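Architecture at a glance
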Amino acid sequence: MTKSESNSKIPVFRSGKTSRRFLRNFVWVFVIGSLFLGGQGLRYLFHYNQLEEIRSEINAQYMSALGQDIGTSPFGRLQFEHGKLLATNSIGLDPLKLLAALSRPADENLRLEGITLSGKTGRVRGSFAGDEQGFTTYFDKLTDDDHYLFSLYKSDPVGDRIVFSLNVELQ
């Protein structure tokens, strides 16, 4: 075996070419990884902002029902307040169930202005923004309720709204 044959079997590495290829691949992996992480960061930021908006809306709803001091557990406080209402109105209509029945077929055009409950009957006052046909559709959906019997006491068109009063009783 000659000296030239023994040298030809040993691989020769060209360190400059290998280093450049390694650096080029590293740069591409770094760019792609950076784009991926940047996209995930933007996604996280979007979801975080959306969560904060939802939390502020929920707190606003709690404040509208409980006042400015909602406490550390507003849902528990709502349950407590509901229990107090049930205790005071143990015979008769449940105000929250009545509100749920009124709001099930409603859309953004409905505004309730007052509910007066006395035993097993009550009166609901409110207004409906829209035409007479929209109010008729809402009232027809109300009459399909299984627990309450709604009857129209009066309705008057006032401007672009319909002001109404409903009688309600248990079925």
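In case you missed it, the structure is sitting above this.
The structure displayed is predicted, hence computed values, not measured ones. (Residues numbered from 1 in each chain as written. Predicted model: local features only at pLDDT ≥ 70, side-chain atom pairs only at ≥ 80, totals over all residues. Heavy atoms only, no water.)

**Notes on the packing of aromatic side chains**
Under the criterion given, the structure shown has 6 aromatic pairs. Between F128 and Y138, the ring centres sit 6.1 Å apart and the planes meet at 20°, which makes this aromatic pair stacked. Residue F128 is found in strand β2 (residues 121–129), and its partner Y138 is found in helix α5 (residues 132–142); the two are separated by 10 residues along the sequence. Taking relative accessible area as the criterion, Y138 reaches 3% and is therefore assigned buried. Site record: aromatic cluster; members linked through ring pairs are F128, F135, Y138 and F164. Note that R123 overlies the ring of Y153, its terminal NZ or CZ placed 3.7 Å from the centroid. (Phe/Tyr/Trp six-rings, centres within 6.5 Å; stacked < 30°, edge-to-face > 60°. Helix = DSSP H or I, 4+ residues; strand = E, 2+ residues; numbered from the N terminus. Buried < 20%, exposed > 50% of the residue type's maximum accessible area, 1.4 Å probe, protein only. Lys NZ or Arg CZ within 6 Å of the ring centre and 35° of its normal.)

**Regarding a nonpolar patch on the surface**
On the surface, F22, L23, F26, V27, W28, F30, V31, I32 and L35 cluster together into a nonpolar patch covering about 1000 Å² of accessible area. Counting through the fold element by element, F22 comes out in helix α2 (residues 15–66). (Patch = residues over 30% accessible without salt bridge, like charges linked within 9 Å, V, L, I, M, F, W, Y side chains within 5 Å. Areas by Shrake-Rupley, 256 points an atom, 1.4 Å probe, with all protein chains shown as cover. Salt bridge = Lys/Arg side-chain N within 4 Å of Asp/Glu carboxyl O.)

**Side note on α5**
Taken residue by residue, α5 has F135, Y138, F139 and L142 as its buried positions. All buried residues of α5 lie within an arc of 95° about the axis, which places them on one face of the element. Among the structural elements, α4 (95–103), β1 (110–118), β2, β3 (148–158) and β4 (161–170) are those in contact with the buried residues of α5. (Arc of directions from axis to C-beta. Contact = heavy atoms within 4.5 Å.)

**Observations regarding the nonpolar core**
One finds L102, F150 and L166 to be the most contacted residues of the largest nonpolar core, which totals 17 residues. Secondary structure elements with two or more residues in this core: α4, β2, α5, β3 and β4. (Core = buried A, V, L, I, M, F, W, Y, C linked by side-chain atoms within 4.5 Å.)

**Here we look at the environment of R77**
Relative to the helices and strands, R77 is located in helix α3 (residues 74–88). Counting along the chain gives 11 residues from R77 to L66, while the straight-line C-alpha distance between them is 8.2 Å. Look past the residues within four positions of R77 in its chain and what remains in contact with it is L66, D69 and I70.

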